[in-house]
Amino acid sequence: MNTFDVIAVIAAVFLSPLVGGLVAGIDRKVTARLQGRYGPPILQPFYDVFKLFGKEKMVCNYWQIFCAYMYLAANILTVVLLALQSDLLLIFFVLAVGGVFLVIGALAAESPYSQIGAQRELIQMLTYEPLIILVFVGIYLETGSFKISEIVANYHEPLLIALPLLFVVLGYAIVIKLRKSPFDISTSHHAHQELVKGVMTEYSGPYLGVIEISHWYETVFILGLCALFWHTNLIWMSVLIVVTYFGEILVDNITARLTWRWMLPHAWTGGLLMSFANYFWIYAKIK
Amino acid sequence: MVDVLIGVSILLPFIAGLLCFIIGNAKTRAAIIVTTGVVLTASALMLFQNGPCTYTPETLLGVSVNSIITFFDFALLFIILGIAFKLGNPLVILLTLLQIVPLAYFELKMAPHVEVAPAFYIDNLALIMNLIISIVGSLICIFGIRYMEEHEHHLHLKKSRQPRFFFFLVIFLGAMNGLVFSNSLLWLYFFWEVTTFCSFMLIGHDRTEIAIKNATRALWMNMTGGVAFVGAIIAIFYKTQSVEYFSLQNLINHSPEMTGFLLFPFALLCFAGFTKAAQVPFQSWLCGAMVAPTPVSALLHSSTMVKAGVYLVVRLAPGFQGTYLSTIVATFGAFTFVTASALAVNMSNGKKILAYSTIANLGLIIACAGINTPAAIIAAILLIIFHAVSKGLLFLCVGTIEHAIGSRDIEDMRGLYNTMPAVSRITIIGILTMMLPPFGMLMSKWMAMEAAANIPWVVVMVALGSGLTVLFWARWAGLFVSGPQLKEQELKKESAIKATILTMIRGFYPNAKWNDPASIKIPLVLLAMGAIVLSMAVPWIYTILVEPVVASYRPGLFVEPFKMGPFGLSSGVGAFYVLPVFLLSIVAYLFAVIASKKNGHRVVSAPYMCGEQYPDPSQPKFRSHLNTWRDYLAGNVYLQEFIGESKISYWINILSLIILIVMFGEVVR
């Protein structure tokens, strides 16, 4: 570990929640404007979380607390591994740990709402996980490595040029991972789509705050993945991130929630077809 | 020394099995089983300490070993023929005759008394298998002692049938050890048939109608593999006209110009491996084997039987490296992985989930063998090790739970943590070691994926299958902890550190007693600890055990695919920091435990039911129409309408048959 790594880890652990919270604030503001409202201040997510931490601790079952913290830990670890430019598949597997503990925590409460939310979250994981692996395999086929550090060191073109279709697949996966409409199936942040908050129903007070912060890490991780598609130039990287995230917000606001019965087959067929098309592209170029 | 150890590994179980069969006294039998287990474990460890070796036994009690094996080979086939006539099953009769006649022709006319030197070739792969069989297998047999007592108690048998049960259970271990040590194809075939026969007897042990039906299915499906095996033996001789290739080592390390001749026998042997490993379309025999008492399922699934199938394929893999056979084997394995995972998702029967997950993981191992790079072979061997431990553990857990609650349905395991905390905790450990980093199964899966990345359709199937795997495991683990907070679980005044230490030892529910007898507790605890400790030791297991296997496969050509670094393994294409991730996971775990055990004000509330919940939070009720209290319950999503077992099994079988036909079509051409 050199100094740069240490700085990267510290930044990942401490700056990510700030960035993630800000992104959430901007998200809410833009969403409000799209809906013709004025919207909350940009810092509102932070106020919300502070308020959550001041509330009474309430749980149905101690497992919820354990799972909330495991969810947080796994998400921090994914961001740290991303900052250390580690192996893409390893990062992916650690990401899955977070998802699994969120689900176990939701299943721990006997509430039918959170139970159904947990089942739906599992199906969302089932939907996006293969898609993300397909994207990573595409990156490997193009660059010859799963290690981010080696990709950054040895590959000198924006990945977006070689893997445009896989970027679309990633975008698809991100909507599902971030639980944005139309795939906010396990829990929705739109009051008009869901009154009882699915997988989060039984989390409240400080523990909901923990989940919220974990979600910020998740957002940073997702943006980091997008950044990988234009790693050669900082400006274009930022443009790519902003455009992608704005696209996600737009989709979030102009679509209505779909059922998992629609999501699963469509995301898989669409994702598979596009991935294979892109793989052929890579092969054709090599040959 | 080596001869004694090999003799102990193979013959002791046969002798102990006979003793179990003769001696009616339960206590003596238990003592014999425990002693056999201990001796087998010791001999496996000593053999491992001794390192790779070869050995050719000349005579046993004055008779040539080769003749003994030939004699018993035919004796066994005739016994099976007799059973087939008794069952009145023309298919089994036909399949048995298809083995007896060609084998007799081979022995009498083609190549009488083939002597292969060395008869036993014990490299690191064989040593690893020997360790798994002797340790995990023995623990399962020990678990069986008490389990079968309870089992027969439930069945109200007049006369105990345990002698017969343990006879087959224990000799299974000997046959497996013989199978992995043998270098002679003919000897391998003998042990292969012994495992088929033992599994038939054990699956049908309870003699219910369904047990006999499923046992017969297991028999005929495995006999197809046996026919393929005999076919391979004859094909090798027919194509090469020499007995040289009856030595597995010569068969694998054949000269390049022989590849064309040997590809067909290789395909036949792989087919035999597929049937034994219950790959699609033969998955139904392993699922049907669930009717047997739990120790049988645990043994078949973890350390024996199905592992014989993947062992053979992994063993042969270097022999067909770089051929289209290899690619098709990879495709076939990956196809089994994704389809069996999909089938596991729509099961609510815990044992069937385990069964399909076994089939899926074996598929992944076979896919790795087919990918056939050094990294892939390493992944396959690591998968064999970790899968044996975790899956053996999970079967024993489900068996214990089944005896306690009278059901193996996972919906009935809802909230089991409140009533059976210890067993539930161990089951959750078993589940997590199957699916999450930093545990060994996932580590191996990572290696498999990186190895598969160059064959896009294989990696796609592995990716889809891996997503499905997470679904059914996570949901099962979650169900265990689903339930109200009990009064006994309320916190006492104790420091966070003390609470944490207690939690690590006794879980979240420290006052609960674990009442099971030692013969059930010890295997469960040892296997659970083994699953965790082995995962932590992955870098060392890799360097000491697995790497030499691959290095010996390709002397001279071998490039170390993974390097042992200060942080665990790293490879050319990726890096997996096992130890740091393990460390961080432990820190995260402790942190989470401290957070949830910390003293302080905390309200335990009932779940949200729109303000209509029952006053007592421990009762899942809500106020319904006419002011009545009604129970609420949520069930799992099993995706029946998409991938219902009855719906897709047909198509899975057809597709897998097509892959097999393509495999043979290509090879014959």
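These figures come from a predicted structure and were not determined experimentally.

### Let's talk about the overall build of chain B
- Counting its secondary structure elements, chain B contains 26 helices and 10 strands.
- Over its C-alpha trace chain B gives a radius of gyration of 25 Å, about what one expects of a compact globule, namely 26 Å for 669 residues.
- In terms of principal-axis extent, the alpha carbons of chain B reach across some 85 × 65 × 50 Å.
- Taking all 669 residues of chain B together, 55% fall into the buried category.

### Focus on helix α7 (residues 185-203) of chain B
- For α7(B), with 19 residues, the first-to-last C-alpha span of 27 Å sits near the 27 Å given by 1.5 Å per residue.
- Burial of α7(B) is extensive: 19 of the 19 residues sit out of reach of the surface.

### Brief notes about the interface of chain B and chain A
- At the interface, 54 residues of chain B touch 54 residues of chain A.
- Broken down by secondary-structure element, the contributors of at least two residues to the side of chain B that touches chain A are α19 (440-452), α20 (456-481), β7 (575-576), α24 (578-597) and β8 (603-604) of chain B.
- Sorting elements by how many residues they give to the side of chain B that touches chain A places α20(B) first, with 16 residues.
- Here the residues of the side of chain B that touches chain A sort into 39 nonpolar, 12 polar and 3 charged.
- Relative to β8(B), strand β1 (residues 58-59) of chain A is paired through 2 bridges, and the arrangement is parallel. Across the sheet, residue Val59(A) finds its bridge partner in β8(B), namely Val604(B).

### Side note on the confidence of the model for chain B
- In this model, chain B carries an average pLDDT of 86, and 92% of its residues clear a pLDDT of 70 or more.
- ipTM for the predicted complex: 0.93, alongside a pTM of 0.94.

### As for the packing of helix α15 (residues 350-371) of chain B against helix α16 (residues 374-405) of chain B
Residue and element names in this part refer to chain B.
- Put simply, α15 and α16 touch, their axes get as near as 9 Å, and they point 170° apart. With respect to α16, the axis of α15 lies roughly antiparallel. Here Gly350, Lys351, Leu354, Thr358, Asn361, Leu364, Ile365, Cys368, Ala369 and Ile371 of α15 come into contact with α16, specifically with Ala376, Ile377, Ala379, Ala380, Leu383, Ile384, His387, Lys391, Leu394, Phe395 and Val398.
- Counted by class, the contact of α15 with α16 contains 15 nonpolar, 4 polar and 2 charged residues.

### Quick word on the environment of Arg669(B)
All names here are of chain B.
- Inspection of the secondary structure puts Arg669 in the segment after α26 (645-668).
- Using a count of 5 C-beta atoms within 10 Å as the deciding quantity, one classes Arg669 as exposed.
- Along the sequence, Arg669 and Ile586 sit 83 residues apart, while their C-alpha atoms lie 55 Å from each other.

### Topic: the environment of Val65(B)
Residues and elements named next belong to chain B.
- By secondary structure assignment, the location of Val65 is in helix α3 (residues 65-87).
- Val65 sits in the partly exposed class, given 17 other C-beta atoms within 10 Å.
- Once the C-alpha coordinates of Val65 and Glu115 are considered, the two residues, 50 residues apart in sequence, prove to be 10.0 Å apart.
- Setting aside residues no more than four positions away along its own chain, Val65 makes contact with Pro57, Glu58, Thr59 and Leu60.

### Comments concerning the nonpolar core
Residues and elements named next belong to chain B.
- Membership of the largest hydrophobic core comes to 335 residues, with the highest contact counts inside it found for Cys368, Ile381 and Val462.
- Here this core gets 21 residues from one element, more than from any other, and that element is α16.
- Not counting the four nearest positions on each side in its chain, Cys368 is found in contact with Ala376, Ile377, Ala379, Ala380, Leu383, Ala448 and Ala451.

What counts, and at which threshold
- Residues numbered from 1 in each chain as written.
- Chains lettered and ligands numbered in written order.
- Predicted model: local features only at pLDDT ≥ 70, side-chain atom pairs only at ≥ 80, totals over all residues.
- Helix = DSSP H or I, 4+ residues; strand = E, 2+ residues; numbered from the N terminus.
- Rg over C-alpha atoms; globule rule 2.2 N^0.38 Å.
- Buried ≥ 20, exposed ≤ 12 C-beta atoms within 10 Å, placed from the backbone.
- Expected span 1.5 Å × (residues − 1).
- Contact = placed C-beta atoms within 7 Å.
- Nonpolar A, V, L, I, M, F, W, Y, C, P; charged D, E, K, R; others polar.
- Pairing = 2+ DSSP bridges.
- pLDDT = per-residue confidence, 0-100.
- Axes fitted to C-alpha atoms, helices over the stretch in contact; angles between N-to-C directions.
- Parallel < 35°, antiparallel > 145°, perpendicular 65-115°, else oblique.
- Core = buried A, V, L, I, M, F, W, Y, C linked by C-beta atoms within 7 Å.

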